[in-house]
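Spelled out from the first residue to the last, the chains are:
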Amino acid sequence: MLSAPQDGPQRSVVARSAVRMEGSEVTVSLTAQPTLPGPAQWLIQGPLFGWLGDSETYPDRHFPELQVLRAGQPVPVTESVKAVAGGVDVSTLLQQAGINPWLIADTPPFVPTEGISADLLAQLVRAGAVGTSGTDHLAQWRAQRTLGVALPAGQTLDIRYRLRPGYALMTQQALAKANLRQRYCLADAPLRALGTRFGRSTQFIAKRYEIAVGAQDRTPPPVRLSVVPQAGVALVAACTRGHARSAGAGGWTDVEVVPDQRAVLHVLTLEPAGR
């Protein structure tokens, strides 16, 4: 999950939030309070991560495709990278060596050593940032990307990036468990409808999405959701206000939804496996 923007002072700067999920992409639109004395200074942080092996589903957890827009146009951002190895900040060492910190998103994460002085390479190895495998050198640090952006009072900032859901293959019996019902407000009726439509023995590919919808983990009122699902999706579920229910393949349009206490919106999509 991409973390919520951090706005520095402990104040509520977001007046409202809107989320649009379209296929594999999401746009989170955050509108600043009109009464702010000046632009809100936000930091958008990716997770601190390292290489987890060739089976990692999402190796590019620095969100390289992320765009920050205002009225459809890119806005100026500042970017910084923090790299650590064993609790030691090795950002400066990587910079001095001219090493791309996002090599950790490659498989395998080979570090090119041509042009790096022997002393600097030795420092990286001693720090635990670079390991050796035969004659090869491998990235062993973890890194985090941070973007800084200003949002003037009353204006809307669009944060657009590729979704990275959790996957599971689930039976209808598993879908009826209490934790899923609570998190996504799944009711009996849509689950029965799935059984009628596809047969009770059908398994479903469940994709679970977590989307930050507030700043500083504070939920703005209200949060609106629109979903244009990927092909094959039979059900979209999330906790909503009013009379909105779990949707079918047609998705949702501007429905008010209820995030959790950390200002994270939970959305579930289901598609029958093998169809």
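Above this text you will find the structure in question.
Reference entry: report on the structure contained in this document. (Residues numbered from 1 in each chain as written. Predicted model: local features only at pLDDT ≥ 70, side-chain atom pairs only at ≥ 80, totals over all residues. Heavy atoms only, no water.)

What about the packing of aromatic side chains?
All told, the structure shown has three aromatic pairs when counted by the stated rule. Ring geometry for Phe63 against Tyr161: centres 5.4 Å apart, planes inclined by 85°, an arrangement best described as edge-to-face. Highlighted residues: Phe63 in the loop between strand 3 (40–45) and strand 4 (67–70) and Tyr161 in strand 11 (residues 156–162), separated in sequence by 98 residues. Like Phe63, the residue Tyr161 is buried in the burial classification. Just above the ring of Phe63 sits the side chain of Arg164; from NZ or CZ to the centre is 4.1 Å. (Phe/Tyr/Trp six-rings, centres within 6.5 Å; stacked < 30°, edge-to-face > 60°. Helix = DSSP H or I, 4+ residues; strand = E, 2+ residues; numbered from the N terminus. Buried < 20%, exposed > 50% of the residue type's maximum accessible area, 1.4 Å probe, protein only. Lys NZ or Arg CZ within 6 Å of the ring centre and 35° of its normal.)

Things to note about the sheet that holds strand 2 (residues 25–32)
The sheet built from seven strands is open, its strands ordered 5-4-11-2-1-14-16 with mixed pairing. Both outer strands of the open sheet, strand 5 (73–74) and strand 16 (252–257), are each paired with one neighbouring strand and no more. (Pairing = 2+ DSSP bridges.)

Describing the nonpolar core
One recurring pattern in soluble globular proteins: nonpolar side chains tend to sit buried together. Counting residues in hydrophobic clusters, the biggest one holds 39 residues, and the most contacted among them are Val19, Met21, Trp42, Tyr161, Ile211 and Leu225. Tallying contributions element by element places strand 2 first for this core, with four residues. The residues contacting Ile211, other than those within four sequence positions of it, are Met1, Val19, Met21, Val26, Val28, Tyr161, Leu163, Ala263, Val264 and Leu265. Leu94, Ile99, Ala129 and Ala139 belong to the second largest nonpolar core, which has 21 residues in total. (Core = buried A, V, L, I, M, F, W, Y, C linked by side-chain atoms within 4.5 Å. Contact = heavy atoms within 4.5 Å.)

So, the pairing of strand 17 (residues 264–272)
Regular strands show a simple pattern: their side chains alternate between the two faces of the sheet. Counting buried positions along strand 17 yields nine of nine residues, so the element is predominantly enclosed. A two-sided burial pattern is seen for strand 17, the buried positions comprising Val264, His266, Leu268, Leu270 and Pro272 on one face and Leu265, Val267, Thr269 and Glu271 on the other. Two elements, strand 13 (residues 204–212) and strand 17, share nine bridges in a ladder whose sense is antiparallel. What sits directly across from Tyr209, in strand 17, is Val267. Bridge count for strand 15 (residues 235–237) against strand 17 is three bridges, and the pairing is antiparallel. Within strand 17, the residue paired with Ala237 across the bridge is Leu268.

From the geometry alone we can't say anything about function, so treat these as descriptive.
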